[in-house]
Amino acid sequence: HDDDPLTPDIEQFVGQAQSVDISPDGRTVVCADYWNGAAQILLLDPATGNLSYRQTVKLWREGTDGTGAWPFLYRVLNSTISPDGRTVLMSNSTDSGVYPYQMDEEDPTQYREGCNVAVLRIDSPGHATRMPDVILPWEVHGGQSIVFSRDGSRAFYETSTWPIDW
């Protein structure tokens, strides 16, 4: 429906949500988009209930443009926003794909990381900036659920390997 504020202009926005989180101030909406390897950032107007697309943050393993030594997109399933509304953590189901039998201890450039956590900073309502990832050991596979503690001092990450608490 053309005048429905919840229906984005398909020419400007094509994305999906495996999970949806709303910041504590009720303005920033973060969607974990597995298939596009991205965080979809939306702005919610609490007065009207209108939801508008603001940005797509592609979640490349290195940098923001896919030109790194091991360029691939994280496949995010879930996200969590800190209680202060400034930090977003995104679970990533993708690891390096380098298995123990493939490891070359003599190659210092070989990528040996697990299902790293993508980190975003909410700069203002409806806008986020990519921050350095939380790098996990290659033994940690299949990131699933992620959540902050109530006070925001810790995060808990459920993977297909084991739960991680830091």
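Here, the structure is the one placed above.
A brief look at the structure comes next.

**What about the pairing of strand β3 (residues 38-44)?**
Next up, step 1: Among the 7 residues in β3, 6 count as buried, and that is most of the element.
Next up, step 2: Inspection of the sheet shows strand β2 (residues 28-33) paired to β3 by 6 bridges, in the antiparallel sense. Across the sheet, valine 30 pairs through a bridge with isoleucine 41, a residue of β3.
Next up, step 3: A loop of 4 residues connects β2 with β3, the two strands running antiparallel in sequence, and glycine 37 in this loop sits at a positive phi of about 55°.

**Some remarks on the sheet that holds strand β4 (residues 51-58)**
The strands that make up a sheet pair up through hydrogen bonds in the backbone, lying either parallel or antiparallel.
Next up, step 1: With respect to topology, 4 strands assemble into an open sheet ordered β1-β2-β3-β4, the strand pairing being antiparallel. Edge strands, defined here as strands with exactly one partner in the open sheet, are β1 (19-22) and β4. Direction aside, neighbouring strands of the sheet carry axes that sit 20° apart on average.

**What about the pattern of salt bridges?**
Next up, step 1: Counted under the stated rule, the structure contains 3 salt bridges.
Next up, step 2: One salt bridge connects aspartate 84 with arginine 86, and the closest N-O pair in it is separated by 3.1 Å.
Next up, step 3: With a shortest N-O distance of 2.7 Å, aspartate 133 and arginine 130 are connected by a salt bridge.
Next up, step 4: Overall, arginine 130 belongs to the buried group, its relative accessible area being 16%.

Cut-off values and rules
Residues numbered from 1 in each chain as written. Predicted model: local features only at pLDDT ≥ 70, side-chain atom pairs only at ≥ 80, totals over all residues. Heavy atoms only, no water. Buried < 20%, exposed > 50% of the residue type's maximum accessible area, 1.4 Å probe, protein only. Helix = DSSP H or I, 4+ residues; strand = E, 2+ residues; numbered from the N terminus. Pairing = 2+ DSSP bridges. Axes fitted to C-alpha atoms, helices over the stretch in contact; angles between N-to-C directions. Salt bridge = Lys/Arg side-chain N within 4 Å of Asp/Glu carboxyl O.

Nothing here speaks to function; it is geometry throughout.
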